[in-house]
Amino acid sequence: MEQLFPHFIVLSFIFLYILFQSPPTVGFLREAHSPSPIRLKTSQPKDNGLRFNGGGSFKVALFADLHFGEDAWTDWGPQQDVNSIKVMSTVLDLETPADFVIYLGDVITANNIPIANASLYWDQALSPTRARGIPWASVFGNHDDAPFEWPMEWFSVPGIPPLHCPATNSSYSGEAVKVRLDILPFPYQSEEYCSFRGTQRIELMKNEIEHNNLSFSKTGPKDLWPGVSNYVLQVASSSDPESRILTMYFLDSGGGSYPEVISSAQAEWFQHKSQEINPDSSVPEIIFWHIPSRAYKNVAPWFAIHKPCVGSINKEKVAAQEAEFGIMNLLVKRPSVKAIFVGHNHGLDWCCPYNKLWLCFARHTGYGGYGNWPRGARILEITEQPFSIKSWIRMEDGGKHSEVLLSS
């Protein structure tokens, strides 16, 4: 009997691993959060691109700093992921119809995820949007491919530290598989079950794109490596698919596996790309990345938020990129650039004017990450005729505040 015990652990672990490979179902999401039935909508096929809806508007929800997988081996961590799903579900149900969602970085806390494929957590973060048939795009933050950080408490027991490898559905069940690899036979002592190498940016993005027809994310040009999420999306008129009304740029602001910076190569790519598709700056442009540029420090309110800035929380200093290599100089010189949107700082949600454009924070959406400020999401509503960009914050309790016109 004693000889069979390790094999029983192995078989149980394998069973859990296989069982929870399938993605969560819509029915489960209803059970976890059900303010109203999930309303599936007709998705925008990638071949047809993005378009303003029949009412002449394009509504976007920004989900920032979800931090799925944080403290994945504890009871607390998985519960935060459940709470984050409820926040996203509330926002999407209240902002119906939402036309697009942007995951604005730090989708996962990779430095807390001891499994080989962190895309399992990434996929869970996408689930509320996917279940409602809403297309989306994503950019990377500094935590999405950060190296694993070994918890000190794991070393407080005698002998080989017990490895706490979360089950692949841990964000939903609150359960974790705890197994000591030193008692497993050799074939099972592999990173298939417990791994600390992390999942690279390119792997995360490829997995998202290959397994989700609603994803508009792109891996970006290879010559911008190690940055990955560098790409552009255009939104066409509701009446004419050849008429471009809005251009959205996505840039990888680094962090995690490399410095927190937008490189000179990325700035040069933006310059060439914008001249190629919008040479006369006649089409309005908005920009998305995760870590604020240093320009955000220049406009940050000192204490309370006063006009012309608009927002509700100003609880910390701007944690800016490590350096500037030209991207802001290019953006402020383009009259077509209307606003930049970032995450990263959980205690900031303001928008402030900077030269002729706006610098905006999103709102901390996830229950992972630092800070206990109420969660929510920044909403953008772009109108086709006449063109305008209006934004507000939608909170987890259903409240709405901090409305601002960003096209003025």
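Anything mentioned here points back to the structure above.
On a predicted model such as this, the values are computed, not experimentally measured, just so you know.

Here is what the cut-offs are and how they apply
Residues numbered from 1 in each chain as written. Predicted model: local features only at pLDDT ≥ 70, side-chain atom pairs only at ≥ 80, totals over all residues. Heavy atoms only, no water. 1 Å grid on protein atoms, 1.4 Å probe; cavity = no way out; pocket = protein on both sides within 12 Å on 5 of 7 lines; lining within 4 Å. Points joined across faces, edges and corners; volume = space filled by probe spheres on them. Nonpolar A, V, L, I, M, F, W, Y, C, P; charged D, E, K, R; others polar. Buried < 20%, exposed > 50% of the residue type's maximum accessible area, 1.4 Å probe, protein only. Helix = DSSP H or I, 4+ residues; strand = E, 2+ residues; numbered from the N terminus. Right-handed = clockwise from strand over helix to strand, strands pointing away. Pairing = 2+ DSSP bridges. Contact = heavy atoms within 4.5 Å. Axes fitted to C-alpha atoms, helices over the stretch in contact; angles between N-to-C directions. Polar contact = N/O pair within 3.5 Å; in protein donor to acceptor, adjacent residues only side chain to side chain. Patch = residues over 30% accessible without salt bridge, like charges linked within 9 Å, V, L, I, M, F, W, Y side chains within 5 Å. Areas by Shrake-Rupley, 256 points an atom, 1.4 Å probe, with all protein chains shown as cover. Salt bridge = Lys/Arg side-chain N within 4 Å of Asp/Glu carboxyl O.

Chemist: Explain the layout of surface pockets here, please?
Modeler: The gaps left among the atoms become clear once a water-sized probe is rolled over them. In this model, the second largest pocket occupies a volume close to 410 Å³. Every residue lining the second largest pocket is counted, 20 residues in all, and those nearest its centre are Gln200, Arg201, Ile202, Trp225 and Val228. Here the lining of the second largest pocket is composed, by residue class, of eight nonpolar, seven polar and five charged.

Chemist: Sorry, what's going on with the pairing of strand 9 (residues 285–288) here?
Modeler: Within a regular beta strand, the side chains point alternately toward one face of the sheet and then the other, so they alternate between its two faces. On strand 9, burial covers both faces: Glu285 and Ile287 on one face and Ile286 and Phe288 on the other are all buried. Of the crossover connections in this fold, the one passing from strand 8 (residues 244–250) over helix 7 (residues 264–277) to the parallel strand 9 is right-handed. The sheet contact formed by strand 9 and strand 10 (residues 337–342) spans four bridges and is parallel. Looking at the pairing, isoleucine 287 lines up with isoleucine 340 of strand 10.

Chemist: Quick question: what am I supposed to make of the sheet that holds strand 12 (residues 357–361) here?
Modeler: Sheets are built from strands that pair by backbone hydrogen bonding, the pairs being arranged parallel or antiparallel. Taken together, seven strands build an open sheet; the order of strands is 1-7-8-9-10-12-11 and the sheet is mixed. Two strands lie at the open edges of the sheet, namely strand 1 (50–51) and strand 11 (351–354), each paired on one side alone. By the bridge criterion, two bridges tie strand 1 to strand 7 (residues 231–236) in an arrangement that is parallel. The residue of strand 7 that forms the bridge with arginine 51 is alanine 236. Together, strand 7, strand 8, strand 9 and strand 10 form the strand contacts of helix 7, whose direction differs from that of strand 8 by roughly 170°.

Chemist: Help me out: how do you make sense of the sheet that holds strand 2 (residues 57–63) in this one?
Modeler: Strand order in this open sheet of six strands is 4-3-2-13-14-15, and the pairing throughout is mixed. Across the chains shown, the open sheet's two edge strands, defined by having one partner strand only, are strand 4 (136–139) and strand 15 (400–405). Sheet twist, expressed as the mean angle between neighbouring strand axes with direction ignored, is 20°. Summarising the sheet, strand 2 and strand 13 (residues 376–383) pair through six bridges and their orientation is antiparallel. Across the sheet, residue lysine 59 finds its bridge partner in strand 13, namely glutamate 381.

Chemist: What is the right way to read the environment of asparagine 345 from this model?
Modeler: Within the secondary structure, asparagine 345 sits in the loop between strand 10 and strand 11. C-alpha of asparagine 345 to C-alpha of glycine 371: the two residues are 26 residues apart in sequence and 9.7 Å apart in space. Residues within four places of asparagine 345 in sequence aside, it is in contact with Pro292, Glu316, Lys317, Val318, Ala319, Phe361 and Tyr370. Reaching out from asparagine 345, the side chain makes a polar contact with the backbone oxygen of lysine 317 at a distance of 3.0 Å.

Chemist: Sorry if this is basic, but what is going on with a nonpolar patch on the surface here?
Modeler: A cluster of nonpolar residues, Trp150, Met152 and Phe155, forms a patch on the protein surface that exposes about 370 Å² of accessible area. Along the chain, tryptophan 150 falls in the loop between strand 4 and strand 5 (163–165).

Purely geometric stuff here, so don't read any function into it on its own.
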